[in-house]
Amino acid sequence: MLLVAALISVFIALLFHPALGVFDPTGFPPRWYCGNWSSTLGWTHIVADLAIWLAYTAIPLIILAFARKRSDRAFPAVWWLFAAFILACGTIHLVEATIFWWPVYRLSAVTKVITAIVSWATVLALFPTLPKALALPSRLNDIQSIIQHAPTAMLVADHTGKILMVNLATERVFGYTADELIGQCVDMLVPARYREHHPALVGSYFDKPTVTQLGEGRELTGMHKAGHEVPVEIGLTPLEHHGKPVVLACMVDQTLHKQRREKELAELSHALSLREVVGGFAHELNTPIQRIVMWAGVLQFRDPPDTIQEPVEGMISASRELSNIVRRLRDAVIRRDMVNQPIDLNTLIGDTLTFMYREVGSSVRTELKNDLPQVLGDPIQLQLVISNLIRNANQAGPPVTVSTQQSNGEVVIRVDDCGPGLPDDPKRLFEPLYSTKQGGLGMGLTISQSIVRRLGGRIDASQRSQGARVEVILPSLPDRKDS
């Protein structure tokens, strides 16, 4: 920039130096009178020179405006030299146009000298700059160096869906090598049931590219090379490559998260099943134990002979000890505090369907009411209830419909199936160890009923014209707007 300023100062000094007389046309006729100029040829020169001058003036102004806004630009001196070089070239054409009337050939000579100096200054600056410019990585290479070893699966695709790069994590998640993916359409990672509409989604994204999080509240999966689907969360970030729009897709593998959640629910289900069984056995055992204690007390009251007094007292003591053992066993198995918190049931249902997708596939559809009030409950235990109802309904007969609604200060979760329906006495479904399925344990609905009751709700089953309906009714929390 200092060099350009110096050159401009020299140019101005030469222009107005009295000894040079650069603006003095004495001794030279206007160009119209030098040679046999026709009007057409002369004006062609004039108009072309003026057009070139205007363009050569606009270009450096645009360059300088860009340079001022981008403080991170590389090689700033070269930017200024290019601007000065183009401006000087334009000035030559302006002077050439005016010489047709005002023969300032001295000014033309000075302008050409300054242009020659600026041109060679630019050339000399380019020699050391060129190797440095070639060594600069492209924008895409910068991204690639950052994401290549990132733990999250990432790929870059263009507006047609063509994959431009992938990282190592993408190879691990989807089973393909980079050579198998690069140059292919991203549709190969999309499950077959979504491929028909995927190009339209890609097009709509590039119409208005923004940072976007996909899959919130619903299941997203990618297609593994082996043919199975991989649960993922996807984030999109718009970028540019060689002036063309591209998108960076970050894909978080949810397989381990789903496996942990399924394991957690399975452990909870096992614990609750054990709780219900032990609770039932404890109740059944305590009844005869209390009867033993009662009848032994009756014998004591009748003042039995000394020969049986000691055995009766031993019987009472042993019975009470047995009752305490049963109680401690029951407490050890049953005791688990519910971690109650406000819950959005629509979100919880969506999360449940996400981790159950591999089990139920697309056989479940939802009809979830908007602006549903929250309920108070333990999200893990309520998810266990919802997953159990969906699983039962899907085994009874798909398709399954899960809906929510609000009614009289309560929130209702409704699960409908298209199976053979309910037994003659629907209440038996909630009895421990009762099952309508071959090999079923018969504890799922019992556990669900226990959880729902502890939350102040109820669970009902009813027959539909085709299939069965199970409803979970829970008290809703007051609307936050009203609280």
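What counts, and where the lines are drawn
Residues numbered from 1 in each chain as written. Predicted model: local features only at pLDDT ≥ 70, side-chain atom pairs only at ≥ 80, totals over all residues. Heavy atoms only, no water. Helix = DSSP H or I, 4+ residues; strand = E, 2+ residues; numbered from the N terminus. Buried < 20%, exposed > 50% of the residue type's maximum accessible area, 1.4 Å probe, protein only. Polar contact = N/O pair within 3.5 Å; in protein donor to acceptor, adjacent residues only side chain to side chain. Contact = heavy atoms within 4.5 Å. Pairing = 2+ DSSP bridges. Axes fitted to C-alpha atoms, helices over the stretch in contact; angles between N-to-C directions. Arc of directions from axis to C-beta. Phe/Tyr/Trp six-rings, centres within 6.5 Å; stacked < 30°, edge-to-face > 60°. Patch = residues over 30% accessible without salt bridge, like charges linked within 9 Å, V, L, I, M, F, W, Y side chains within 5 Å. Areas by Shrake-Rupley, 256 points an atom, 1.4 Å probe, with all protein chains shown as cover. Salt bridge = Lys/Arg side-chain N within 4 Å of Asp/Glu carboxyl O. pLDDT = per-residue confidence, 0-100. Core = buried A, V, L, I, M, F, W, Y, C linked by side-chain atoms within 4.5 Å.

Describing the side chain of Thr-352
Turning to its location among the elements, Thr-352 is positioned in helix α12 (residues 345-355). For Thr-352, a relative accessible area of 0% corresponds to the buried category. Here the side chain of Thr-352 touches Leu-348 through a polar contact of 2.7 Å, landing on its backbone oxygen. At a separation of 3.2 Å, a polar atom in the side chain of Thr-352 contacts the side chain of Gln-383. In this structure, Thr-352 is in contact with Gln-383, Ile-386, Ser-387 and Ile-390, ignoring residues within four places of it in sequence.

Some points on the sheet that holds strand β11 (residues 410-416)
If you walk across this open sheet you meet the 5 strands as β8-β10-β11-β13-β12, and the pairing is mixed. Each having just a single partner strand, β8 (364-367) and β12 (458-463) make up the two edges of the open sheet. Across the sheet, the mean angle separating the axes of adjacent strands is 20° when strand polarity is ignored. In this sheet, strand β13 (residues 468-475) lies alongside β12 in antiparallel orientation, the contact comprising 6 bridges. Paired with Gln-463 across the bridge in β13 is Ala-468.

Looking at helix α9 (residues 198-207)
Three or more residues of α9 are buried, namely His-198, Val-202, Tyr-205 and Phe-206. Down the axis of α9, the buried set is contained in an arc of 95°. They therefore lie on one face. Facing away from the buried side of α9, by more than 90 degrees, are the exposed residues Ala-200 and Asp-207.

Considerations on unusual backbone geometry
Both trends apply: most residues other than glycine have a negative phi, and most peptide bonds are in trans. Note that the residue after Pro-398, namely Pro-399, is joined by a cis bond; omega there is 0°. Looking at where Pro-399 falls in the secondary structure, it is placed in the loop between α14 (379-396) and β10 (400-407). In this structure, Asp-371 is a non-glycine residue whose phi angle is positive, near 55°. Unlike most non-glycine residues, Asn-408 shows phi in positive territory, near 50°. Mapping Asn-408 onto the fold places it in the loop between β10 and β11.

Let's talk about the packing of aromatic side chains
How two aromatic rings sit relative to each other is given by the distance of their centres and the angle of their planes. For the structure shown, the criterion picks out 7 aromatic pairs. Both rings, one in Tyr-205 and one in Phe-206, keep their centres 5.7 Å apart while their planes meet at 85°; by these two values the pair is edge-to-face. Accessibility assignment for this pair places Tyr-205 and Phe-206 in one class, buried. Aromatic ring contacts, followed pair by pair, group Trp-32, Trp-37, Trp-43, Phe-100 and Trp-101 into a single cluster.

Focus on a nonpolar patch on the surface
Among the surface-exposed residues, Phe-23, Trp-43, Val-47, Trp-101 and Trp-102 lie close enough to one another that they form a single nonpolar patch of about 530 Å² accessible area. Relative to the elements of secondary structure, Phe-23 occurs in the loop between α1 (2-15) and α2 (39-69).

Comments concerning the pattern of salt bridges
Summed over all chains, the structure comprises 9 salt bridges. Arg-193 is paired through a salt bridge with Glu-229; the nearest N and O atoms lie 2.5 Å apart. Of this pair, Arg-193 sits in helix α8 (residues 192-195) while Glu-229 sits in strand β5 (residues 229-241); the two residues are 36 residues apart in sequence, bridging distant segments of the chain. For the salt bridge of Glu-410 with Arg-458, the shortest nitrogen-to-oxygen distance reads 3.1 Å. With a gap of 48 residues between them, Glu-410 in strand β11 and Arg-458 in strand β12 connect regions that are remote in the sequence. Classification of Arg-458 by relative accessible area gives partly exposed; the value is 39%. Each of Arg-31, Glu-96 and Lys-112 takes part in a single network of salt bridges with overlapping partners.

A word on the environment of Pro-209
In this fold, Pro-209 is placed in the loop between α9 and β3 (212-214). Spatially, the C-alpha atoms of Pro-209 and Val-246 are 9.3 Å apart, while their sequence positions differ by 37 residues.

Focus on the confidence of the model for the protein chain
Where the model shows low pLDDT, its predicted coordinates should not be examined in detail. Residues at a pLDDT of 70 or more form 71% of the protein chain, whose mean pLDDT is 78. Summarising per-element confidence for the protein chain, the mean pLDDT is lowest in α1 (60) and highest in β11 (93).

Side note on the nonpolar core
Core analysis: the largest hydrophobic core is formed by 34 residues, its most contacted members being Leu-345, Leu-382, Leu-389, Ile-390, Val-472 and Leu-474. Only α12, α14, β10, β11, α15 (444-454), β12 and β13 provide two or more residues apiece to this core. Once residues within four sequence positions are removed from consideration, Leu-382 is found in contact with Ile-343, Leu-345, Leu-348, Val-375, Gly-377, Leu-455 and Leu-474. With 24 residues, the next largest nonpolar core counts Leu-155, Leu-189, Tyr-205 and Phe-206 among its residues.

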